[in-house]
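Structural overview
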Amino acid sequence: MRGHIDLIFAVLLIGALHGTAVNGGEFAGEYSKLSGIIIPGFASTRLRAWSILDCPYSPLDFNPLDLVWLDSTKLLSAVNCWLKCMMLDPYNQTDHAECKSRPDSGLSAITELDPGYITGPLSSVWKEWIKWCVEFGIDANAIIAVPYDWRLSPSKLEERDLYFHKLKLTFETALKLRGGPSLVFAHSMGNNVFRYFLEWLKLEIAPKRYIQWLDEHIHAYFAVGSPLLGSIQTVEATLSGFTFGLPVAEVHIFLFTNYIACWTHVAFFMQCPGTENGYWKHFSCESKKRHHVYRCDDREFHTNFSGWPTNIINIEIPSVRGVDAYPSFLEVAQANLSGMECGFPTHLSFSAREVSDGTFFRAIEDFDPDSKRLLYQLHKSYHDDPVLNPLTPWERPPLKNVFCIYGIDSKTEVGYYFAPSGKPYPDNWIITDVIYEIEGSLYSRSGNLVEGNPGVASGDETVPYHSLSWCKTWLGPKVNITRAPQSEHDGSDVQVHLNVEHIHEEDVIPDMARSPRVKYITYYEDSESLPGKRTAVWEIDKANHRNIVRTPVLMRELWLEMWHDIHPDKQSEFVTKAKRGPLRDDDCYWDYGKARCAWPEYCEYRYVFGDVHLGQSCRLKNTSADLLLHY
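Residues numbered from 1 in each chain as written. Predicted model: local features only at pLDDT ≥ 70, side-chain atom pairs only at ≥ 80, totals over all residues. Heavy atoms only, no water.

**Some points on the side chain of asparagine 480**
Tracing the sequence through the fold places asparagine 480 in strand E17 (residues 478-485). Polar side-chain contacts of asparagine 480 include one of 2.9 Å to the backbone nitrogen of asparagine 499. When sequence neighbours within four positions are dropped, the list of residues in contact with asparagine 480 reads His497, Leu498, Asn499, Tyr523, Tyr524, Glu525 and Ser527. (Helix = DSSP H or I, 4+ residues; strand = E, 2+ residues; numbered from the N terminus. Polar contact = N/O pair within 3.5 Å; in protein donor to acceptor, adjacent residues only side chain to side chain. Contact = heavy atoms within 4.5 Å.)

Listed below in structure tokens is the structure:
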């Protein structure tokens, strides 16, 4: 998945606020009982060297505790040494013989991946979260980061690092230290980590104690940008490599990404009756702009291509199978062109299910020398995992409060067309076309409309909408839907639909007006739910997958929701959406049309030495703690 994106599993933050007294701009009362545990996502934890590696032809060597992920200087100037420290054995996930890396620890491991004047802001992940916590007076020991080695499969994480044992101890220590449960905030792949932890926990404690343990240690779970049914970019990384936005050759990143176990494979969604000839049922000679017809076509179509908008992989393969297929594919194909029943090229198309169950990799194993390794990883790390097969759809976690939050309506990849390049591994596949979902429609990279089953919205640039919105199936039979502007507002543009009927395991589609010039946040909140449980889904317009965790609107809504949640005088299950005013000095700005600070009831002009423009001199009249009392 996209570079740093994917940081997942973080429990936040607001060391939560039960009392209402204010002292010196900080909260007083029982808020100190809550803790926030942050678990980052894919490629969002620093890795440090635990070896001494002399890099030939380079003045930059690796010494113990040197940054590996991410040290852009060494990546660009000593890439071969860097790869030795990053790559794991493809079969047993052990370290390279000459260098090994281990995850960093503490909050610094997840704030900036590559600290520096230029690289720091570009690699910032959780830094904004920490700033918000400091501004709102949260104690330093109330926020706990739990980094992990994101190169490992879940079973290896526990086997090598005892990660899930340590995570359990972290929750128990936080409870003993603070006196209350924790808030779990997971972003992207971190949600997969948390899900695995919940399943692992079932095997560690007595069944009668399981729910009791969860209630005692976890107050709320925030799933942000969760790839509940997977992300298609793992397919791109597997076949052709993905650069994470780094200025390096794809082949180098491909060697790295293809030798680690990525947790965000496409989820197994729906089985289809098998056939005697295995993958040959997928052969098709039709144009890629048309829907291919398979033996399992009816069932696949009615399950929306195994839950996805379209087939996620379309591949042209050579007609000759075996060792002669590569690297001299072009010569072989030309020599056998006349003997092909359908002509050249032959197309294979695969749904999400057929990737996650291994059908796709078996289909190309005669043409791709790396597919056997991928099949081995798929079975050992996922299908045969004794705790959980992560490639299965999620059910609602058995927690008291679950909030699912994600961005929508950004251009997001949902399918690829691959073709052989005629070159040997690892350059044997190239992408010839990409299918995107864009606000409810499917388009190819060239701009042509593509047939399929798009959702009512598109994803967050990394994870498709259907995967993000799977958590809507967790909502109760009746749902309250509210749509409000993301920016501060007085409530005049807020739309509310109460007690909307929700069919189990189906999407909830609001019939609400939308202005093209306004970015909205749409809340889906249980009107009826399981006793003692609450579920809410927030859709944030145009929120990017990686950057959503530092989006001011998300942080504002989380603070308000948790402030309301623990307030002794709350009158409703969820915080009101009737209005939104500034909460921090950064929310105040200069209104040039009225020649004053905007939101005069909250903000005032107050110059401080060093201000360089009018907006900087607009500051809150009262403290943030005072303003929260209005909610």
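**Examining the pattern of salt bridges**
On inspection of all chains with the given rule, the structure shows 29 salt bridges. Here arginine 46 and aspartate 104 are joined by a salt bridge, their closest N and O atoms 3.8 Å apart. Taken as a pair, arginine 46 in the loop between strand E3 (35-39) and strand E4 (47-49) and aspartate 104 in the loop between strand E6 (101-103) and helix H3 (108-111) lie far apart in primary sequence, 58 residues in all. Judged on exposure class, the residue arginine 46 and its partner aspartate 104 are both buried. The shortest N-O distance in the salt bridge between arginine 353 and aspartate 357 comes to 3.1 Å. Under the relative-accessibility criterion, aspartate 357 is labelled buried at 15%. The network of salt bridges with common partners includes Asp149, Arg151, Arg160 and Asp161. (Salt bridge = Lys/Arg side-chain N within 4 Å of Asp/Glu carboxyl O. Buried < 20%, exposed > 50% of the residue type's maximum accessible area, 1.4 Å probe, protein only.)

**Concerning the environment of valine 355**
Relative to the assigned elements, valine 355 resides in helix H15 (residues 352-356). With relative accessibility at 5%, the residue valine 355 sits in the buried group. In the structure, valine 355 is positioned 23 residues away from leucine 378 in sequence and 9.9 Å away in space, judged by C-alpha atoms. When sequence neighbours within four positions are dropped, the list of residues in contact with valine 355 reads Ile312, Ile313, Phe360, Phe361 and Leu378.

**Focus: the packing of helix H6 (residues 154-161) against helix H7 (residues 163-178)**
Between H6 and H7, the shortest axis-to-axis distance is 6 Å and the interhelical angle comes to 80°. By the criterion of interaxial angle, the relationship of H6 to H7 is roughly perpendicular. Packed against H6, whose contacting residues are Pro154, Leu157, Glu158 and Asp161, the element H7 presents Tyr163, Phe164, His165 and Lys166 at the interface. Considering only residue class, the contact of H6 with H7 consists of four nonpolar, one polar and three charged. (Axes fitted to C-alpha atoms, helices over the stretch in contact; angles between N-to-C directions. Parallel < 35°, antiparallel > 145°, perpendicular 65-115°, else oblique. Nonpolar A, V, L, I, M, F, W, Y, C, P; charged D, E, K, R; others polar.)

**Focus on the sheet that holds strand E19 (residues 520-528)**
Pairing in this open sheet of nine strands is mixed, and the strands run E7-E3-E8-E9-E13-E20-E19-E17-E18 from one edge to the other. Both outer strands of the open sheet, strand E7 (143-145) and strand E18 (495-501), are each paired with one neighbouring strand and no more. Ignoring strand direction, the axes of neighbouring strands in this sheet form an average angle of 15°. Contacts between H7 and the sheet are confined to E3, E7, strand E8 (182-187) and strand E9 (218-224), with E3 contributing the most and set at about 160° to the helix. (Pairing = 2+ DSSP bridges.)

**Focus on the pairing of E17**
With seven of its eight residues buried, E17 lies for the most part within the structure. Sheet topology note: the E17/E18 ladder contains five bridges and is antiparallel. Note that in E18 the partner of threonine 482 across the bridge is valine 496. Bridge count between E17 and E19: eight bridges; the pairing is antiparallel. Within E19, the residue paired with alanine 484 across the bridge is isoleucine 521.

**What about the state of the cysteines?**
Cysteine pairs can be linked by a disulfide, which is a covalent bond between their two sulfur atoms. Overall, the coordinates contain five disulfides when judged by the stated rule. Between cysteine 55 and cysteine 81 runs a disulfide, and the two sulfur atoms are separated by 2.3 Å. With the S-S bond torsion at -140°, the cross-link from cysteine 55 to cysteine 81 turns out left-handed. Placement of the pair is cysteine 55 in the loop between E4 and strand E5 (67-69) and cysteine 81 in helix H2 (residues 79-86), with a sequence separation of 26 residues. (Disulfide = S-S within 2.5 Å.)

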